[in-house]
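What follows is each chain in one-letter form.
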Amino acid sequence: MKFEEQIKKDLHQYLVREGRVDEKLPECPDVEALWPSVEEAYLPDAVREFAEYPVVSLGWIMFVGMAFAKYWDTDWEKYADKSGETLYKDLRDSKGYDNLDDVVLYEVLGLDKEEGEKVSAIVGECAARTFSAIQHSGIEAGTKEAVEAYRGALHALYIMGMAMELNALGYHMQMLG
């Protein structure tokens, strides 16, 4: 199983237990299609932060996935012509990389303080779980495999952020049969 799939599976199980996603994850091809340009824009910021703040560098991408899911739900016409890079940079540059979480939680998602803290704690746990998986993967730091594992982890976190927000917005997928 690829590292990304292992991360996705672990996070999915955790988020189901927390009641933040359903057994069947929602799909949102419009938001998923933004990933390549989001990754290109996000990676330099994430790599720069990883040495001192690895959990932040991993967790912040979940907030990006959440924001994009909210954009998709509320006014996709407004956002559909923008690249993932532009949408990410708009979020980041609003109040800086360090405040990306607050921008998403309170300005984009419009959460109150209590729910914002709950969501932030769940994102923190997802990022910490992912960082632990990276540390215990046996993949040598600085190698091509390490870069690919990190990129895969970011993608899994982005998808889980998107899924969490879609679930919060009322999109529930039912298992057939």
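Quick caveat: nothing in here was measured; it's all calculated off a predicted structure.

1. Digging into the overall build of the chain
Right, on to step 1. Secondary structure assignment for the chain yields 8 helices and 0 strands.
Right, on to step 2. From first element to last, N terminus to C terminus, the chain shows the α and β order α-α-α-α-α-α-α-α.
Right, on to step 3. Taking 177 residues into account, the globule formula puts the C-alpha radius of gyration at 16 Å, and the chain, at 15 Å, falls close to it.
Right, on to step 4. Seen through its C-alpha atoms, the chain measures out along the principal axes to roughly 45 × 45 × 30 Å.
Right, on to step 5. Split into buried and exposed, the 177 residues of the chain put 45% on the buried side.
Right, on to step 6. Averaging the positions of the 18 positive and the 34 negative side-chain charges in the chain gives two centres separated by 1 Å.

2. Points about helix α7 (residues 113–135)
Right, on to step 1. A rise of 1.5 Å per residue sets the reference length of α7, with its 23 residues, at 33 Å; its end C-alpha atoms lie 32 Å apart and thus fit the reference within 8%.
Right, on to step 2. Those residues of α7 not exposed but buried are Gly116, Val119, Ile122, Val123, Cys126, Ala127, Thr130 and Phe131.
Right, on to step 3. Looking at the buried side of α7, the elements it contacts are α1 (3–17), α3 (35–50), α4 (54–79), α6 (100–108) and α8 (144–168).
Right, on to step 4. A distance of 3.2 Å separates the backbone nitrogen of glutamate 114 from a side-chain oxygen at the start of α7, and that oxygen is part of aspartate 112.

3. Overview of the packing of α1 against α7
Right, on to step 1. Contact geometry for α1 and α7: axes closest at 10 Å, N-to-C directions at 145 degrees. Here α1 and α7 pass one another in a crossing that is right-handed. Contacts between α1 and α7 involve Phe3, Ile7, Asp10, Leu11, Tyr14, Leu15 and Arg17 from the first element and Ile122, Glu125, Cys126, Arg129, Thr130, Ala133 and Ile134 from the second.
Right, on to step 2. Considering only residue class, the contact of α1 with α7 consists of 9 nonpolar, 1 polar and 4 charged.

4. Some details on the pattern of salt bridges
Right, on to step 1. For the structure shown, the criterion picks out 14 salt bridges.
Right, on to step 2. In this structure, arginine 151 and glutamate 39 form a salt bridge, with 2.6 Å as the shortest nitrogen-oxygen distance. Remark: glutamate 39 occurs in helix α3 and arginine 151 occurs in helix α8; sequence separation between them is 112 residues.
Right, on to step 3. Judged by relative accessible area, which is 29%, arginine 151 ranks as partly exposed.
Right, on to step 4. We classify glutamate 39 as buried; its relative accessible area is 10%.
Right, on to step 5. Three or more residues joined by partner-sharing salt bridges are found here, namely Asp45, Arg48, Glu49, Arg92 and Asp93.

5. Side note on the packing of aromatic side chains
Right, on to step 1. On inspection of all chains with the given rule, the structure shows 10 aromatic pairs.
Right, on to step 2. Both rings, one in phenylalanine 68 and one in tyrosine 71, keep their centres 5.9 Å apart while their planes meet at 25 degrees; by these two values the pair is stacked. Within this pair, phenylalanine 68 and its partner tyrosine 71 are both found in helix α4, separated by 3 residues, close to a single helical turn. Just as phenylalanine 68 is buried, tyrosine 71 falls in that class too.
Right, on to step 3. Among the aromatic side chains, those forming a connected cluster through ring pairs are Trp35, Phe68, Tyr71, Tyr79 and Tyr158.

6. Looking at the nonpolar core
Right, on to step 1. Core analysis: the biggest nonpolar cluster contains 57 residues, and Ile61, Phe68, Leu91 and Tyr158 have the highest contact counts within it.
Right, on to step 2. Going through the elements one at a time, α1, α3, α4, α5 (84–95), α6, α7 and α8 are the ones with two or more residues in this core.
Right, on to step 3. What tyrosine 158 contacts, discounting residues up to four positions off in sequence, is Val31, Leu34, Trp35, Val38, Ile61, Val64, Gly65 and Phe68.

7. Some words on α4
Right, on to step 1. The end-to-end C-alpha distance of α4 is 30 Å, clearly below the 38 Å that 26 residues give at a rise of 1.5 Å each.
Right, on to step 2. Remark: the principal bend of α4, roughly 85 degrees, maps to aspartate 73.

What counts and what doesn't
- Residues numbered from 1 in each chain as written.
- Predicted model: local features only at pLDDT ≥ 70, side-chain atom pairs only at ≥ 80, totals over all residues.
- Heavy atoms only, no water.
- Helix = DSSP H or I, 4+ residues; strand = E, 2+ residues; numbered from the N terminus.
- Rg over C-alpha atoms; globule rule 2.2 N^0.38 Å.
- Buried < 20%, exposed > 50% of the residue type's maximum accessible area, 1.4 Å probe, protein only.
- Lys, Arg positive; Asp, Glu negative; His and termini not counted.
- Charge placed at Lys NZ, Arg CZ, Asp CG, Glu CD.
- Expected span 1.5 Å × (residues − 1).
- Contact = heavy atoms within 4.5 Å.
- Polar contact = N/O pair within 3.5 Å; in protein donor to acceptor, adjacent residues only side chain to side chain.
- Axes fitted to C-alpha atoms, helices over the stretch in contact; angles between N-to-C directions.
- Left-handed = near helix turned anticlockwise from the far one by under 90°.
- Nonpolar A, V, L, I, M, F, W, Y, C, P; charged D, E, K, R; others polar.
- Salt bridge = Lys/Arg side-chain N within 4 Å of Asp/Glu carboxyl O.
- Phe/Tyr/Trp six-rings, centres within 6.5 Å; stacked < 30°, edge-to-face > 60°.
- Core = buried A, V, L, I, M, F, W, Y, C linked by side-chain atoms within 4.5 Å.
- Bend = angle between axes of the 7 residues up to and from the residue.

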